[in-house]
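So you can see what is in the structure, the chains are spelled out below.
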Amino acid sequence: GGDQPIYYYDQDKNFFENAYENADEIAAFMTELTANRPAQASRGPQTRYEVLKPTFGQIYRNYALVSFNKVDSELNGENYCLRMVNLDTDRREKIYLGGYERNDFERFITQNDIITDGDDGKKVYNLPVKIDFLRAQEESKKNPGRKFNTFNALPRGAITREELPEVPADQIVDPDAE
């Protein structure tokens, strides 16, 4: 090797100087290692869902429920996050359900076979599904004067992912491009 220090990349693509005697060999080794490493898999573009705060007493029609999951919130424990496509505007929207609305949503899922058991014992999610939904406030029968929130949804038929409208450009976030 010459008297010049050898620079090469570490795994995080940082330059650093090598002070070893066998610098040339190490550099060659690292170059070969990098060449053999598979390209990092891209997660591809992600969709940025807007938070929708549904107005009580308003019926929201022509939505596709695409996915849902439980999320923990510091304020009110466990919530469901429902990701939907507004089929009239193509916008991706998500709503959060807490309290009694969680039970209403679970009932909707159960009654409409949104989740079924597959042959292998794994759960099968029968999504997306078209829905109309309504958030309402109802008066408690036990405690007159007290209101509680309800989530009410009607299934309006299946829809395939291929049938969903394109994601609006301003809702696409490409981590590889940033």
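Details of the structure are given in the entry above.
Residues numbered from 1 in each chain as written. Predicted model: local features only at pLDDT ≥ 70, side-chain atom pairs only at ≥ 80, totals over all residues. Heavy atoms only, no water.

Engineer: Teacher, can you tell me more about the sheet that holds strand S5 (residues 59-73) here?
Structural biologist: Paired through backbone hydrogen bonds, the strands of a sheet run either parallel or antiparallel to each other. On the basis of which strands lie adjacent, the open sheet formed by 6 strands has the order S4-S7-S6-S5-S10-S11 and mixed pairing. The strands lining the two open edges of the sheet, one partner per strand, are strand S4 (50-51) and strand S11 (147-158). Here S5 runs beside strand S6 (residues 77-86); their pairing, made up of 10 bridges, is antiparallel. Bridge assignment links Ser 73 to a residue of S6, and that residue is Gly 77. This element, helix H2 (residues 100-111), spans S5, S6, strand S7 (92-97), strand S10 (129-139) and S11 of the sheet and lies at about 20° to S11. (Pairing = 2+ DSSP bridges. Helix = DSSP H or I, 4+ residues; strand = E, 2+ residues; numbered from the N terminus. Contact = heavy atoms within 4.5 Å. Axes fitted to C-alpha atoms, helices over the stretch in contact; angles between N-to-C directions.)

Engineer: Even after reading the chapter, I still don't get the side chain of Gln 171, so can you show me in this structure?
Structural biologist: Looking at where Gln 171 falls in the secondary structure, it is placed in the loop between S11 and strand S12 (172-173). For Gln 171, a relative accessible area of 1% puts it in the buried group. From its side chain, Gln 171 meets the backbone nitrogen of Arg 92 in a polar contact 2.8 Å long. Setting aside anything within four residues of it in sequence, one finds Gln 171 in contact with Gln 46, Thr 47, Arg 48, Tyr 49, Glu 50, Asp 90, Arg 91 and Arg 92. (Buried < 20%, exposed > 50% of the residue type's maximum accessible area, 1.4 Å probe, protein only. Polar contact = N/O pair within 3.5 Å; in protein donor to acceptor, adjacent residues only side chain to side chain.)

Engineer: What should I look at first to understand the layout of surface pockets in this one?
Structural biologist: A probe matching the size of a water molecule, rolled over the atoms, marks out where space remains unfilled. Considered as a void within the structure, the second largest pocket measures approximately 250 Å³ in volume. What lines the second largest pocket is simply Tyr 100, Glu 138, Glu 139, Ser 140, Lys 141, Lys 142, Asn 143, Arg 146, Lys 147 and Phe 148. Elements supplying a minimum of two residues to the lining of the second largest pocket: S10 and S11. (1 Å grid on protein atoms, 1.4 Å probe; cavity = no way out; pocket = protein on both sides within 12 Å on 5 of 7 lines; lining within 4 Å. Points joined across faces, edges and corners; volume = space filled by probe spheres on them.)

Engineer: Just checking my understanding: could you explain the pattern of salt bridges for this structure?
Structural biologist: A pair can form between side chains of opposite charge whenever their charged atoms are brought close. Evaluated as defined, the whole model comprises 9 salt bridges. Here Glu 50 ties to Arg 91 by a salt bridge, and the two come within 2.2 Å at their closest N and O atoms. Taken as a pair, Glu 50 in strand S4 and Arg 91 in the loop between S6 and S7 lie far apart in primary sequence, 41 residues in all. A salt bridge links Glu 106 to Lys 70; the nearest nitrogen and oxygen atoms lie 3.9 Å apart. Highlighted residues: Glu 106 in helix H2 and Lys 70 in strand S5, separated in sequence by 36 residues. On the basis of relative accessibility, which here comes to 31%, the residue Glu 106 falls in the partly exposed class. Members of the salt-bridge network, linked through shared partners, are Glu 50, Arg 91 and Asp 170. (Salt bridge = Lys/Arg side-chain N within 4 Å of Asp/Glu carboxyl O.)

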